[in-house]
Amino acid sequence: MAALTKERPQKHFFAKKLLLKMGADFKAWKGGIACFDSSAPGYVVQGQASTTLTRIGVFAETVDNTGGAAGALEVNVEL
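Let me sum up the structure you'll find in this document. Keep in mind it's a predicted model, so treat the numbers as computed, not measured.

Things to note about the overall build of the protein
For step 1, the next point in the chain: Along its length, the protein carries zero helices and seven strands.
For step 2, the next point in the chain: Ordered by position from the N terminus, the helices and strands of the protein form the series β-β-β-β-β-β-β.
For step 3, the next point in the chain: On C-alpha atoms alone, the protein measures out to a radius of gyration of 11 Å, which is about the 12 Å that the 2.2 N^0.38 rule sets for 79 residues.
For step 4, the next point in the chain: Overall, the protein is about 30 × 25 × 20 Å in size when its C-alpha atoms are taken along their principal axes.
For step 5, the next point in the chain: When burial is assessed residue by residue, the protein has 33% of its 79 residues classed as buried.
For step 6, the next point in the chain: Contacts in the protein between residues far apart in sequence, at least 24 positions, make up 53% of those at least 6 positions apart.
For step 7, the next point in the chain: Accessible surface, the protein as shown: approximately 5,000 Å² in total, 55% of it carbon and sulfur.
For step 8, the next point in the chain: Side chains of the protein carry 9 positive and 7 negative charges; the gap between the two charge centres is 9 Å.

Quick notes on unusual backbone geometry
For step 1, the next point in the chain: Not every positive phi belongs to a glycine, and Asp25 is a case in point at roughly 55°.
For step 2, the next point in the chain: On the basis of relative accessible area, Asp25 is assigned to the partly exposed category, the value being 47%.

Thoughts on the nonpolar core
For step 1, the next point in the chain: With 14 residues, the main nonpolar core has Val44, Phe59, Val75 and Val77 as its most contacted residues.
For step 2, the next point in the chain: Elements with a contribution of two residues or more to this core: strand E3 (33–37), strand E4 (44–46), strand E5 (53–59) and strand E7 (74–78).
For step 3, the next point in the chain: Among the elements that take part in this core, E5 stands out by supplying three residues, more than any other.

Quick look at the packing of aromatic side chains
For step 1, the next point in the chain: Within the structure shown, the criterion is met by one aromatic pair.
For step 2, the next point in the chain: Residues Phe26 and Phe59 carry aromatic rings whose centres are separated by 6.2 Å and whose planes lie at 45° to one another, so their mutual orientation is tilted. A residue pair is termed long-range when its members are at least 10 positions apart, and Phe26 in the loop between strand E1 (17–21) and strand E2 (27–28) and Phe59 in strand E5 qualify at 33 residues.
For step 3, the next point in the chain: On the basis of relative accessible area, Phe26 is assigned to the buried category, the value being 7%.
For step 4, the next point in the chain: Of the residues examined, Phe59 reaches a relative accessible area of 1% and is grouped as buried.

Considering the environment of Val45
For step 1, the next point in the chain: Here Val45 shows up in strand E4.
For step 2, the next point in the chain: For the pair Val45 and Leu20, spaced 25 residues apart in sequence, the C-alpha separation works out to 9.9 Å.

The rules we used
- Residues numbered from 1 in each chain as written.
- Predicted model: local features only at pLDDT ≥ 70, side-chain atom pairs only at ≥ 80, totals over all residues.
- Heavy atoms only, no water.
- Helix = DSSP H or I, 4+ residues; strand = E, 2+ residues; numbered from the N terminus.
- Rg over C-alpha atoms; globule rule 2.2 N^0.38 Å.
- Buried < 20%, exposed > 50% of the residue type's maximum accessible area, 1.4 Å probe, protein only.
- Contact = heavy atoms within 4.5 Å.
- Areas by Shrake-Rupley, 256 points an atom, 1.4 Å probe, with all protein chains shown as cover.
- Lys, Arg positive; Asp, Glu negative; His and termini not counted.
- Charge placed at Lys NZ, Arg CZ, Asp CG, Glu CD.
- Core = buried A, V, L, I, M, F, W, Y, C linked by side-chain atoms within 4.5 Å.
- Phe/Tyr/Trp six-rings, centres within 6.5 Å; stacked < 30°, edge-to-face > 60°.

Geometry only, nothing functional implied.
Shown next as structure tokens:
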């Protein structure tokens, strides 16, 4: 289960935004932690307790890829 269930307000102090392909079957919540997963290279996933994740920033928007394949949707990430 995801750590967030709704958008999280945040201050905009990040320098750059990237449009990245989403991993499979999850909902990216605005303000949630965005990570790269070494077990699924090339896709951004939600932050959670794992030894294969590397935090890269926060999601700049809410995008629902629930039930979708890896790479099916893209999401903006603030670094």
